[in-house]
Amino acid sequence: MALLFLVCAVVGGTILICQFVLTLVGLGGEHGIDFSHDMAHDFAGDAGHDAPGGGTHGASSDDHATDQQQASSWLFAVISFRTLVAAIAFFGLVGSAAQSAGQPVGVQLLLAIAAGVGAMYGVHWLIRSISRLGTDATLRVKNALGQEGTVYVPIAGNRAQTGKIQLKVQNRLVEFEAVTSIPERLATGTKVRVVGMTGSVLEVEPVGQVSSSKFQVSS
């Protein structure tokens, strides 16, 4: 058991550190070696093909198969090369620590497995969080075209000075700099619609006064 913990800690820890260093220097790739999508897809497809059909029994089997597919997709979405490496590393580290503390073999295994599973889900959550933070800003701006928002910082008329608006883009409340071509100043709280953009600056007009011209996008 001691040898198992030691090998897992050394091998898993070494790979984990190498992945971290490669990510810092930009060579680690966005997702690493990730087979979770393929596994979930294949498993779900096999379950769908094997599920019996026809009649009431078929409907019940289909529902059961759907539940199995959802459960398997949720499980395999967590499994990737990075999460498995983290699980192996922490399994070995915590197991070795428990053994050094003189814990019984059963307790050592329990603690090691719990640490491995926790590390797997922790790394999965961390990767997803980083992925969300890395969402392309230009894409978000383009998705704001045609959306309605509220003036947050007053916007001067005739594009004299930028202000700021708040609006929902991709299910998030975000804030953008904005200008307007109309002569009137847009006060805080004014409802506006995005009709164009220049770079990351949006062009807006008050709701109800939006011109019939097509949306404009300029670099």
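Residues numbered from 1 in each chain as written. Predicted model: local features only at pLDDT ≥ 70, side-chain atom pairs only at ≥ 80, totals over all residues. Heavy atoms only, no water.

**Looking at the environment of Tyr121**
Among the structural elements, Tyr121 can be located in helix α5 (residues 105-133). The sequence separation of Tyr121 and Leu84 amounts to 37 residues, and the corresponding C-alpha distance is 9.7 Å. (Helix = DSSP H or I, 4+ residues; strand = E, 2+ residues; numbered from the N terminus.)

**What about a nonpolar patch on the surface?**
Residues Met1, Leu4, Val105, Leu109, Ile113, Val117 and Tyr121 make up a contiguous nonpolar surface patch of roughly 570 Å² in combined accessible area. Top contributing element to the nonpolar patch by residue count: α5, with five residues. Residue position: Val105 is located in helix α5. Residue classification places Val105 among the partly exposed residues on the basis of a relative accessible area of 47%. (Patch = residues over 30% accessible without salt bridge, like charges linked within 9 Å, V, L, I, M, F, W, Y side chains within 5 Å. Areas by Shrake-Rupley, 256 points an atom, 1.4 Å probe, with all protein chains shown as cover. Salt bridge = Lys/Arg side-chain N within 4 Å of Asp/Glu carboxyl O. Buried < 20%, exposed > 50% of the residue type's maximum accessible area, 1.4 Å probe, protein only.)

**Re helix α4 (residues 81-100)**
Over its 20 residues, α4 runs 29 Å from end to end, which matches the ideal 28 Å to within 8%, given 1.5 Å per residue. Arg82, Thr83, Val85, Ala86, Ala87, Ala89, Phe91, Gly92, Gly95 and Ala98 are the residues of α4 that are buried. Looking one or two places after α4, you find Gly102, whose phi comes out positive at around 80°. (Expected span 1.5 Å × (residues − 1).)

**Focus on the pairing of strand β5 (residues 201-206)**
The buried fraction of β5 amounts to six of the six residues, a majority that puts the element mostly inside the structure. Side chains Val201, Glu203 and Glu205 of β5 all project onto a buried face; the interleaved residues Leu202, Val204 and Pro206 project onto the opposite face, where all are buried too. Sheet analysis places strand β3 (residues 172-179) next to β5, joined by two bridges and oriented parallel. Across the sheet, Val179 pairs through a bridge with Glu203, a residue of β5. Sheet topology places strand β4 (residues 191-198) next to β5; six bridges connect them, and they run antiparallel. Its bridge partner being in β5, Gly196 is matched across the sheet by Glu203. (Pairing = 2+ DSSP bridges.)

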